[in-house]
Amino acid sequence: MRWIVASAWPYINAVPHLGTLIQVLSSDVYARYRRKKGDSVVFVSGSDEHGTPIEIEAIRKGISPKELTDKMHSYVSDLFNRFGISYDNYTRTESPTHVKFVQEFYMRVYENGHIFEKETEQLYCPNDKMFLPDRFVIGTCPYCGYEKAHGDQCDRCGRLLNPTDLINPRCAICGAEPELRRTKHWFFDLPKFSGKLKEYVESNEQLPDNARSMSLSMIEDGLKPRSITRDNKWGIPAPFPGAEGKTIYVWMEAVLGYVSAVKEYFERLGKPEEFDEFWKGKDTKSIYFIGKDNIPFHTLIFPALLMASEEGYVLPYNVASTEFLLFEGEKFSKRERIGIWLDEALALLPADYWRFYMIYIRPETKDANFAWDDMVAKINDELNDTLGNLIHRVLSFIKSRYSGIVPDAQLDEESEEMLKEAKEIAERIEDSIERVKLRDALKEFLEMARLGNRFFNSREPWRDIRENKPRADSTVVASFNLLKAMASYMHIFMPFSAERLWRMMGLDGEPAPFSDAFNIVTGVQLGEVEPLFHKVNKEELQEKLEEVRERGEVLSARE
RNA sequence: AGCGGGGUGGGGCAGCCUGGUAGCCCGCCGGGCUCAUAACCCGGAGGUCGGUGGUUCAAAUCCACCCCCCGCUACCA
């Protein structure tokens, strides 16, 4: 089976925070899982770098948008690398392949008759010489009198507004008074696809409940045409006749990145012909990891665009949408510095600790909350004590009592039984991941560690070693092989630690594919044994975070 | 306002779709073990599952209404 695994493209006007990491990590766990199962995987994402907020951020910094995104893209790519995200291609929307692909794609949709033009009126800032998105017009709310209401909504009374409703409207960038100007835009005829989309959503059983219900209710309410173009300078030039000076709206191009990134991947490999096999293949499935705010783009607009291209691209097999992550009960906020940003996170703890905790609290059924106390408890009690200690007690036992060499012994019935139970847990892990229940999978994985601890306790090999050597041998061989199997499963969640474990166990290469996870190995000479994890302390972590921020050690702290 | 999600022992969560003795982690109490990172294992106390009414032999689970919290509403991305 071929798999396209993708996570939503982070918008890189700023360093992403932990909320973004959820999607990125989820997709990585899934991609690693597929590879361990032996599937053919192309795992892609990239930086979403066009649009007004980046243009404005660049103005604020006094540099060009390209200079800004060049810097941010390399910074963010590096962060994902350090988090162990195994992208086959992490690209960007400025990539020439993407730009060319988007333009050709839309021309095709245009020629297929799914795009029309329409004149609209929009506020324009004569000072900044740009049309202003609704959000970038500020003025007095006509309902409650709030003076800093945005053109799309008043933040005080919550009413939805049109920018022209505002009293005394101002440009959010420079404060000048905007004027109403006529402008022409190109629209994608989304309503035309309502029927097909409904059929697609209803027949797609993998979709999470939140994605299905939201999509269906939107179709039920009636879809509207979506404008494809913007009057921004910073973006991909719209290819339509008469659209000179217009660019493609970021969302409408960024979703196509899922396709162009795979194309680019194969071009880079020197096998461009494999792109079609992948994206149009009958045995290809695609899965997208996103937050619930992105659902309509992935379940409606993106599939409709793929249909409209009439190119035979496979429709999304699953849109693995999650709820939101809160930080100590509040929304992440850059302005108020509520949250933790990715570069800060890595300054505090190794990537695997974050990978562990973020998957542990993955917001699968409802908004989840990041809490220091909870994170510390989970890391100390489960990651360190349950898992880390099992590994250490088994390996150090082999070190001290067996000179570091796993005995070449037969397994007795009880040992066989334990490994059989472990295999059943492994099957449940796989089953959970198939259903994209990643937190269940991680919890099942911890169950393997509990099984190991129970087994080691009840078998008391420290006693057998004197009184019943064969029994101790069996315990040791079984425990060692449990760890070996665990390393394979750990590898998808915590790749760095799993690889370290593998080396400590004296095994070659990297943790085995699932098909070999339970092949019994004996006679191995262990490597250097040391604790895999350590406990963490809340106060120390918080102090460290303060330091990192005060010293401006990471980019997000300086923004 | 509309739509969506949530309200389960002290804390954090699962279970609800496919009704039938309420499960997990932490914390608390007691015991065991000493190989291990004061780690591990076993046992126990603690919840009438937001409220009211209904369906049913039986409801945390289905239905109706109500209360509270959160999010989204498509030219912010």
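Heads up: the structure comes first, above all this text.
Please read these numbers as outputs of a predicted model, since none were measured by experiment. (Residues numbered from 1 in each chain as written. Chains lettered and ligands numbered in written order. Predicted model: local features only at pLDDT ≥ 70, side-chain atom pairs only at ≥ 80, totals over all residues. Heavy atoms only, no water.)

Caption draft 1: Looking closely at the sheet that holds strand 8 (residues 167-171). Read across the open sheet, the 3 strands follow the order 7-6-8; overall the sheet is antiparallel. Of all the strands in the sheet, just strand 7 (149-150) and strand 8 have a single pairing partner and so form its edges. Two strands pair when backbone bridges link them, and strand 6 (residues 137-140) and strand 8 are joined in this way by 3 bridges, in the antiparallel orientation. Of the residues in strand 8, the one forming a bridge with Thr-140 is Ile-167. (Pairing = 2+ DSSP bridges. Helix = DSSP H or I, 4+ residues; strand = E, 2+ residues; numbered from the N terminus.)

Caption draft 2: Structural context of the protein's contact with RNA strand B. As a structural note, the neighbourhood of RNA strand B is formed by 51 residues, with Arg-226, Lys-366, Asn-389, Arg-393 and Asn-457 the closest of them. Take the atoms of RNA strand B that sit within 4 Å of the protein: sugar and phosphate atoms are 74% of them. Phe-533 places a polar main-chain atom, nitrogen or oxygen, 3.0 Å from a base nitrogen of RNA strand B. Only helix 2 (52-61), helix 6 (209-221), helix 7 (250-254), helix 13 (372-401), helix 15 (438-459) and helix 16 (461-467) provide two or more residues apiece to the surface near RNA strand B. For the surface near RNA strand B, the element with the highest residue contribution is helix 13, accounting for 12 residues. Looking at the surface near RNA strand B residue by residue, the classes come out as 15 nonpolar, 13 polar and 23 charged. (Near = heavy atom within 4 Å. Polar contact = N/O pair within 3.5 Å; in protein donor to acceptor, adjacent residues only side chain to side chain. Nonpolar A, V, L, I, M, F, W, Y, C, P; charged D, E, K, R; others polar.)

Caption draft 3: Representation of the side chain of Glu-55. Structurally, Glu-55 is set in helix 2. Summary of buried charges: Glu-55 has no salt-bridge partner, and the nearest side chain of opposite charge, Lys-233, is 4.2 Å away. When sequence neighbours within four positions are dropped, the list of residues in contact with Glu-55 reads Pro-65, Met-130, Asn-232, Lys-233 and Trp-234. (Buried < 20%, exposed > 50% of the residue type's maximum accessible area, 1.4 Å probe, protein only. Lys, Arg positive; Asp, Glu negative; His and termini not counted. Salt bridge = Lys/Arg side-chain N within 4 Å of Asp/Glu carboxyl O. Contact = heavy atoms within 4.5 Å.)

Caption draft 4: A look at the pattern of salt bridges. Across all of its chains, the model carries 44 salt bridges by this definition. In this structure, the salt-bridge partner of Arg-435 is Asp-431, at a minimum N-O distance of 3.3 Å. Accessibility expressed as a relative area gives 47% for Arg-435, which makes it partly exposed. Overlapping salt bridges bring together Asp-412, Glu-414, Arg-459, Asp-464 and Arg-471 as one network.

Caption draft 5: Seen up close, the pairing of strand 13 (residues 284-291). Extensive coverage of strand 13 is indicated by the burial of 7 of its 8 residues. Sheet analysis places strand 13 next to strand 14 (residues 318-322), joined by 5 bridges and oriented parallel. In the sheet register, Phe-289 faces strand 14, and the bridge partner there is Ala-320. Assessed by its sense of winding, the connection that carries the chain from strand 13 through helix 10 (residues 295-309) to strand 14 is right-handed. (Right-handed = clockwise from strand over helix to strand, strands pointing away.)

Caption draft 6: Up close: the packing of helix 14 (residues 413-434) against helix 17 (residues 469-493). Close contact between helix 14 and helix 17 brings their axes to 9 Å; oriented N to C, the two are set at 10 degrees. Here helix 14 is positioned roughly parallel relative to helix 17, judged by the angle of their axes. Between helix 14 and helix 17, the residues in contact are Glu-414, Ser-415, Met-418, Leu-419, Ala-422, Ala-426, Ile-429, Glu-430 and Ile-433 and Arg-471, Ser-474, Thr-475, Ala-478, Ser-479, Asn-481, Leu-482, Tyr-489, Ile-492 and Phe-493, respectively. Its residues assigned to classes, the contact of helix 14 with helix 17 shows 11 nonpolar, 5 polar and 3 charged. (Axes fitted to C-alpha atoms, helices over the stretch in contact; angles between N-to-C directions. Parallel < 35°, antiparallel > 145°, perpendicular 65-115°, else oblique.)

Caption draft 7: Summary view of the layout of surface pockets. Computed from the structure, the second largest pocket encloses a volume of approximately 430 Å³. For the second largest pocket, the lining is made up of 22 residues, of which Gln-206, Pro-208, Arg-435, Val-436 and Lys-437 are closest to its centre. Among the secondary structure elements, those contributing two or more residues to the lining of the second largest pocket are helix 6 and strand 14. Residue classes in the lining of the second largest pocket are distributed as 8 nonpolar, 6 polar and 8 charged. (1 Å grid on protein atoms, 1.4 Å probe; cavity = no way out; pocket = protein on both sides within 12 Å on 5 of 7 lines; lining within 4 Å. Points joined across faces, edges and corners; volume = space filled by probe spheres on them.)

Caption draft 8: How the structure looks around the nonpolar core. By size, the foremost hydrophobic cluster in this structure holds 120 residues, and its most contacted members are Leu-18, Trp-354, Met-358, Phe-370, Leu-387 and Phe-445. Beyond its immediate stretch of four places on either side in the chain, Trp-354 contacts Leu-18, Leu-25, Phe-83, Ile-340, Ala-345, Leu-346, Leu-348, Leu-349, Phe-370 and Met-375. Of all hydrophobic cores here, the second largest spans 59 residues; its members include Trp-9, Val-259, Phe-275 and Phe-302. (Core = buried A, V, L, I, M, F, W, Y, C linked by side-chain atoms within 4.5 Å.)

Caption draft 9: Quick look at helix 14. With 22 residues, helix 14 should reach 32 Å at 1.5 Å per residue; the first-to-last C-alpha distance of 32 Å fits that figure. Every buried residue of helix 14 is listed here: Ser-415, Met-418, Leu-419, Ala-422, Ile-425, Ala-426, Ile-429, Glu-430, Ser-432 and Ile-433. Take helix 14 and look down its axis: the buried residues cluster within an arc of 160 degrees, on one side only. Across from the buried face of helix 14, at angles greater than 90 degrees, the exposed residues are Glu-413 and Glu-427. In this fold, the buried residues of helix 14 make contact with helix 1 (18-37), helix 15 and helix 17. (Expected span 1.5 Å × (residues − 1). Arc of directions from axis to C-beta.)

Caption draft 10: Spatial organisation of the sheet that holds strand 2 (residues 40-47). Ordered in space as 3-2-1-13-14, the 5 strands form an open sheet in which the pairing is parallel. The open sheet has two edge strands, strand 3 (89-92) and strand 14, and neither has a second partner. Pairwise comparison of adjacent strand axes, ignoring direction, gives a mean angle of 20 degrees for this sheet. Contacting strand 13 and strand 14, helix 10 runs over the sheet at an angle of about 145 degrees to strand 13.

Caption draft 11: Structural detail: the side chain of Ser-227. Looking at where Ser-227 falls in the secondary structure, it is placed in strand 10 (residues 226-227). Judged by its relative accessible area of 16%, Ser-227 is buried.

Caption draft 12: Region of the structure containing a negative patch on the surface. Taken together, Glu-413, Glu-416, Glu-417, Glu-424 and Glu-427 make up a surface patch of like negative charges. Inspection of the secondary structure assignment puts Glu-427 in helix 14. (Patch = residues over 30% accessible without salt bridge, like charges linked within 9 Å, V, L, I, M, F, W, Y side chains within 5 Å. Areas by Shrake-Rupley, 256 points an atom, 1.4 Å probe, with all protein chains shown as cover. Charge placed at Lys NZ, Arg CZ, Asp CG, Glu CD.)

Caption draft 13: The arrangement of the environment of Lys-469 in detail. Take Lys-469: it is sitting in helix 17. Sequence-distant contacts of Lys-469, defined by excluding residues within four places in its chain, comprise Tyr-402 and Asp-464.

Caption draft 14: Representation of the packing of aromatic side chains in the model. Following the criterion strictly, the structure yields 40 aromatic pairs and no others. With centroids separated by 6.4 Å and ring planes inclined at 90 degrees, the aromatic side chains of Trp-279 and Phe-302 adopt a geometry described as edge-to-face. Here Trp-279, found in helix 9 (residues 274-280), pairs with Phe-302, found in helix 10; they are 23 residues apart in sequence, far enough to count as distant. The exposure class assigned to Trp-279 is buried, which follows from its relative accessible area of 0%. (Phe/Tyr/Trp six-rings, centres within 6.5 Å; stacked < 30°, edge-to-face > 60°.)

Caption draft 15: Geometry of the environment of Gln-23. By the secondary structure assignment, Gln-23 is in helix 1. Spatially, the C-alpha atoms of Gln-23 and Ala-441 are 16 Å apart, while their sequence positions differ by 418 residues. With near-sequence residues (within four places) excluded, Gln-23 lies in contact with Ser-7, Phe-289, Ile-290, Gly-291 and Thr-322.

Caption draft 16: Here's a closer look at the environment of Ala-377. The topology assignment puts Ala-377 in helix 13. Judged by its relative accessible area of 28%, Ala-377 is partly exposed. Spatially, the C-alpha atom of Ala-377 lies 9.4 Å from that of Lys-538, the residues being 161 residues apart in sequence.

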